Every structure is written in C-alpha cells, then in structure tokens.
Amino acid sequence: EMEAKYTRKMQALRDEMDLRRKTEIHELEERKNTQISELVGNHEGAFGAIKNYYNDITAKNLTLINLLKEQVEDLKKKEVVLEKEKADVLLQNKGLTEPLQEAQELVAALQKKLVHYYRDKEALMNSKAHLKITQKELKDLQWEHEVLEQRFSKVQAERDELYQKFTKAINEVQQKTGFKNLLLERKLQGLLSLLEQKEVELSEVVAASNLDPSALSLVSNKLEDVLNSKNATIQDLQLQLARVCKAHNDMLQTFEAKLTAFGIPLDNLGFQPLSFPFLGQ
C-alpha cells in the first residue's frame, strides 16, 4: 500500500513537473518568437533606412558627378582661353624685357643715389647739430666778449684814472722831492761854507791872538763839539734824503708793475721818470 501510495504521488509529481516544463517551454517559445519578430522588424527598418541613405548618397553623387563634369568642361574652356592669354603674355614679356632691364638699371642707379642721399642726409644732420653747438658756443663767446668789453672799458677807465692820479702824484712827488733835495743841498752847501769860513776865522784868530795851548785846546774842543753837532745834522739830513729817494724809487717800481699787469707799455707815459741814486752811488 505504501509503495502504491508513493508510486501514485511520484506519478502525480511527474505529471505536475511535465506540465510545468511544457508551460515554461511554451512561454520560452513565445518569448523567442516575439524577440525574433522584433529583431526581424528592427532589421528590416534598419535595412530600409540604410537603403534609403545609400540611395540618397548615390543620387547626390550622380548629381555631383554631373556638376563636376560640367565644371571640368568649363575649366577646359578656361584653360584654352588661358593658354591663349599665356601666349599673348609671353609675347608681351618678350617685348617688355628690354624696358624691364632698363628699369632695373634705373632702379640700381636710384638705389645708389638713395644710399648717397642717406649719407648726405646723415652728414647734414650732423652738420646741423654741429652748427647748433657752434651757434651756442658763438652766443656764449659773444656774451663773454661783451662782458670782457665791459670789463675792459671799466679797467681802461680805471687805468686812465690811475694814470692821471699817478702822473699827478709823480709830478707832485718829483716837485716835492726836487724841492726838498734842493733845500737840503743848499742847506748842506751853506753849512759847509759856514764851516770853512769858521775854520778860516778860527785860524786867523788863533794866529792873531797867540793864545796859550790850554785856551786853544778849550776853543778846539768847543769847535769840535759844534762840528760834531753839525756833522750829526748833516747825517740826519742825508738819511732823510735817502728815505725820500727810496720812497720815490719804490713808487716808480710799483707803478711800473701796475702798468705791466694792465698790459700798458712804459713808453706810453710820455716822459722818463727820474730814479734818484742813494748815498754812495
């Protein structure tokens, strides 16, 4: 009974499994057929699109080929025209070769002239710059010349004034010095004459009076004192004369130095200044 029971269960299970398998197989076949139908439809649509695309391309290419054929024909016609024009241009070139050569030679000559022009232009610019510098230097020199002329006029006026003063001073000094020298010489001569006279008188007195030696010695001592005093006066006068002569000579040397400094020749004085000698010269 158990074996029959399980046999019945197994048979029922087999039937159920066979039914499920058949159902699944049927569903798989339906899905497969659906996919195949979809793929066939898709492929047919894609093939139609591709067919239309290539048909359009073929039509366009045919149109383009026809257009290119027409353009080639036009280009051939233009080529023929250009060949004729080329022949004409070659003939014109042959006729223009000599003028071209002449033009090239003219261009070469003009280029040389252009180089010389640039050189001359640069030299002119340098000359203008140098001229400006020279003009500026000339203006500076003119200004310096005017300043120097003014200074020269001023120095010349000072020189004339100094010359007049110096001439006047020299005349005054010469007059004073000559007058003093004359007075001193006359005074000296007078003293010498008086001394000689006193010595003669003294000799006569001594010879006439027959004085004793002591009295004669006293008189001689007094006379020597008087002579020493007179000699001292003479030396003092000689020293004064030497100082006056030295001052006169110093003034002459100073004036000559001033004239030399101002560039004035000594001959322009109009007279020869006297230089007094010192004692013993």
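Bear in mind that the values here come from a model prediction, so they are computed numbers and not experimental data.

Draft legend 1. The arrangement of the overall build of the chain in detail. The number of helices and strands found in the chain is 2 helices and 0 strands. Summed over all atoms, the accessible surface of the chain reaches about 24,100 Å², with 59% contributed by carbon and sulfur.

Draft legend 2. A look at the pattern of salt bridges. Within this structure, the stated rule accounts for 4 salt bridges. Between Lys246 and Asp250 there is a salt bridge; the shortest N-O distance is 2.9 Å. Note that Lys246 and Asp250 are positioned in helix H2 (residues 213-261) at a spacing of 4 residues, about one turn of the helix. The exposure class of Lys246 is partly exposed, given its relative accessible area of 44%.

Draft legend 3. Structural detail: the packing of aromatic side chains. On inspection of all chains with the given rule, the structure shows 2 aromatic pairs. Geometrically, the ring pair formed by Tyr53 and Tyr54 is edge-to-face, given 5.4 Å between the ring centres and 75° between the ring planes. Both rings, one in Tyr117 and one in Tyr118, keep their centres 5.8 Å apart while their planes meet at 50°; by these two values the pair is tilted. Given the relative accessible area of 48%, Tyr118 is considered partly exposed.

Draft legend 4. Molecular detail of the environment of Leu259. Looking at the element boundaries, Leu259 is found in helix H2. On a C-alpha basis, the gap between Leu259 and Arg159 in space is 8.4 Å, while along the polypeptide they are 100 residues apart.

Draft legend 5. Representation of a nonpolar patch on the surface. The grouping of Ile50, Tyr53 and Tyr54 at the surface amounts to a nonpolar patch, some 350 Å² of accessible area in total. Note on placement: Ile50 falls in helix H1 (residues 2-209). Given a relative accessible area of 45%, Ile50 falls into the partly exposed group.

Draft legend 6. Inspection of a negative patch on the surface at higher detail. There is a patch of like negative charges on the surface, built from Glu24, Glu27, Glu29 and Glu30. The exposure class assigned to Glu29 is partly exposed, which follows from its relative accessible area of 40%.

What counts, and where the lines are drawn
- Residues numbered from 1 in each chain as written.
- Predicted model: local features only at pLDDT ≥ 70, side-chain atom pairs only at ≥ 80, totals over all residues.
- Heavy atoms only, no water.
- Helix = DSSP H or I, 4+ residues; strand = E, 2+ residues; numbered from the N terminus.
- Areas by Shrake-Rupley, 256 points an atom, 1.4 Å probe, with all protein chains shown as cover.
- Salt bridge = Lys/Arg side-chain N within 4 Å of Asp/Glu carboxyl O.
- Buried < 20%, exposed > 50% of the residue type's maximum accessible area, 1.4 Å probe, protein only.
- Phe/Tyr/Trp six-rings, centres within 6.5 Å; stacked < 30°, edge-to-face > 60°.
- Patch = residues over 30% accessible without salt bridge, like charges linked within 9 Å, V, L, I, M, F, W, Y side chains within 5 Å.
- Lys, Arg positive; Asp, Glu negative; His and termini not counted.
- Charge placed at Lys NZ, Arg CZ, Asp CG, Glu CD.

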